[in-house]
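Coordinate inspection notes
This is what each chain is made of:
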Amino acid sequence: MDKKTSDETDWEAWQTSFINETFTNLQRFASIPFLPEKLERVRKGVTPREVVYEEDRLKVYHYIGVGEPRFKTPLCLVFALVNRPYIMDLKEGRSILAHYVNAGFDTYLIDWGTPTRAERFLTTDDYVNGYMLNVIKYLRERTGSDKVNLLGYCMGGTLSTMFTALHQDLVKNLVLLASGIDYSTREALLNLWTDPRYFDVDKFVDTMGNVPAEFLQAAFLLLKPIANLVEKPINLMENIHRDEFVDDYLHMETWLNDNIPVPGEVYREFAKYLFQQNLLVKNRMPLGRHIVDLRKITCPLLNLMARNDHLVPCSQSEPLNDLVSSTDKEKIIWPAGHIGLAVSARAQKELWPRAVDWLVQRTD
Amino acid sequence: MSDNMNKYFDQVAAFQKLWMDSFANMAGVWSQFSPGSPPSDEMRKMRGGMLQVLAETWDQYMRTPQFMEMMKASLNGALDLKRLARDGMNRVHEQFENPAKQDIDDVLLAIRHVERRLLDRLEGLDDRVANLNEKIDKVDERLVKQENAIVRQRETSNAGAQKARATPRRRTGAEHGPGN
């Protein structure tokens, strides 16, 4: 009797499942023609902004909040050189910038622009002691504040760390997101692939000049080939009838495929001095005439890391807290990936209010 | 020659192992199939499991020296080809007396060197001006201190003089002389 019942249950379950999937598949196929229209609705940044400073390809955006800013000390966001910075303001409900603007911070973002052949010989020193220094000096004049708050994401965090070490008198608080500091770890594939036995960076840069966006794009795809080339399209097809999923997906894919070239000399320095020789943690990183000494960082530090980050694992960011001289320092390891740390729903709801609060308590 | 052949065979063997491991691991996940729960959910779980083991297998493979040697060889090959093509085009441009990309790069490099020299000089001047400002500030401070000391001294001596005028003088014998 039981066996017969169990057989009938299995048959019913199969039948129900088949019918449900059939109807859902019909919904999925019906949604496909609307994809181009949804793609057109993707915007690159949502918070109102104005350009307040330009230098060569660089632009600084000022984000306009409701009413006057509550805090005099401005906040300057610094992103990486390999992607466009609008990931920090991806869409409604997925914007780090909006959190700070709504909290009353006078918020600015550095957009490095798209380098051309003319920028081929720019070095890390040009970015840190040239562009960043000029921007910070401008913000000081504009706001009347002696210092600025810095928030750096990924490579932008590494640049912000170097800047703070060299110009601590200009930085009030430092917030870092998934920023690479200690490259001795072999957890991340990129650290393995840039090993000098397998990657001749001099030959690469001397031949290519600027590192092409396509090369960077291919390298990032190859870090997780199954997830990027198999799982992602399957997930899209499975959820193509869900508007919110498709909107998130299109926004994210637009940004992920919006790589920009990296100036050759910056790439050479990062590959050699950081990935291969790990000079930053040894306090021997050369930047023009200067040597970066992390012990000179004394300002409050908030170090945010992603537990499942395959690009910048925690072991690459965590050591910074022990290398600086700051007494007020905190680290948060969040269960997310490299991008999820910034834009996932849970991070937006739980992590970013906490990060904003941290800065509110330390800013006048 | 035999070293290269050995390296090549190592790479092929590693690549073969990757595919065998991938299918074996996926089959392992498939064998855990239990038809108790709704079929579509079960299929999704299995698919997720298979893709996860596939991802882990490929991740392990991409960490092997054989894979990295293969990447190195392929990248170097591509760079050599690009260099050959570029050198060829440079020669063609040279023959036609046209500017080539190399010439443009050389000009950019020259501008960069000039820029670098100027910026270094400016930084040096900046440092010197900062030093001079410091010295001037110190001199200013010293001057202010000295001025204050002079003013205090004057005030002290004025006060002393006023006090002396206010206090009546006791006449001495000399003052009480015949003409006084």
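Every value quoted in this text rests on a predicted model; they were computed, and no experiment measured them. (Residues numbered from 1 in each chain as written. Chains lettered and ligands numbered in written order. Predicted model: local features only at pLDDT ≥ 70, side-chain atom pairs only at ≥ 80, totals over all residues. Heavy atoms only, no water.)

So, on to the nonpolar core. Across soluble globular proteins, you tend to see nonpolar side chains buried next to one another. Residues and elements named next belong to chain A. Counting 123 residues, the largest nonpolar core has Ile-87, Tyr-100, Trp-112, Leu-150, Tyr-153 and Trp-352 as its most contacted members. Counting residues per element, this core draws most heavily on helix 4 (residues 124-143), at eight residues. In this structure Tyr-153 touches Val-78, Phe-79, Ala-80, Ile-87, Met-88, Leu-177, Ala-178, Ser-179, His-338, Ile-339 and Ala-342, once residues within four positions along its chain are discounted. Counting six residues, the second-largest nonpolar core is a separate cluster that includes Ile-240, Val-246, Tyr-249 and Leu-250. (Core = buried A, V, L, I, M, F, W, Y, C linked by side-chain atoms within 4.5 Å. Buried < 20%, exposed > 50% of the residue type's maximum accessible area, 1.4 Å probe, protein only. Helix = DSSP H or I, 4+ residues; strand = E, 2+ residues; numbered from the N terminus. Contact = heavy atoms within 4.5 Å.)

Opposite the 39 residues of chain A that make contact, chain B presents 35 residues. Counting the surface lost from both chain A and chain B, the interface buries some 3,400 Å², and carbon and sulfur atoms represent 59% of this. Linking chain A with chain B are eleven salt bridges. For the salt bridge of Glu-123 of chain B with Arg-289 of chain A, the shortest nitrogen-to-oxygen distance reads 3.4 Å. Looking at the side of chain A that touches chain B, the elements with two or more residues in it are helix 1 (2-31), helix 4, helix 6 (189-193), helix 7 (201-208), helix 8 (213-223) and helix 9 (225-239) of chain A. Among the residues making up the side of chain A that touches chain B, the classes are represented as 20 nonpolar, four polar and 15 charged. (Buried area = accessible area lost by both parts, 1.4 Å probe. Salt bridge = Lys/Arg side-chain N within 4 Å of Asp/Glu carboxyl O. Nonpolar A, V, L, I, M, F, W, Y, C, P; charged D, E, K, R; others polar.)

All names here are of chain A. A sheet is described by the order of its strands in space; here eight strands give the open sequence 1-2-4-3-5-6-9-10, paired in mixed fashion. One side of each edge strand has no neighbouring strand; the edge strands of this open sheet are strand 1 (49-55) and strand 10 (329-334). Adjacent strand axes in the sheet meet at a mean angle of 20°, parallel and antiparallel pairs treated alike. Across four bridges, the pairing between strand 6 (residues 171-177) and strand 9 (residues 301-306) is parallel. When the bridges of strand 9 are listed, Leu-174 appears paired with Leu-301. Each of strand 3 (75-78), strand 5 (148-153) and strand 6 is contacted by helix 5 (residues 155-166), which is oriented at about 145° to strand 5, the strand it contacts most. Across the face of the sheet, helix 15 (residues 345-360) comes into contact with strand 3, strand 5, strand 6, strand 9 and strand 10 while running at roughly 180° to strand 10. (Pairing = 2+ DSSP bridges. Axes fitted to C-alpha atoms, helices over the stretch in contact; angles between N-to-C directions.)

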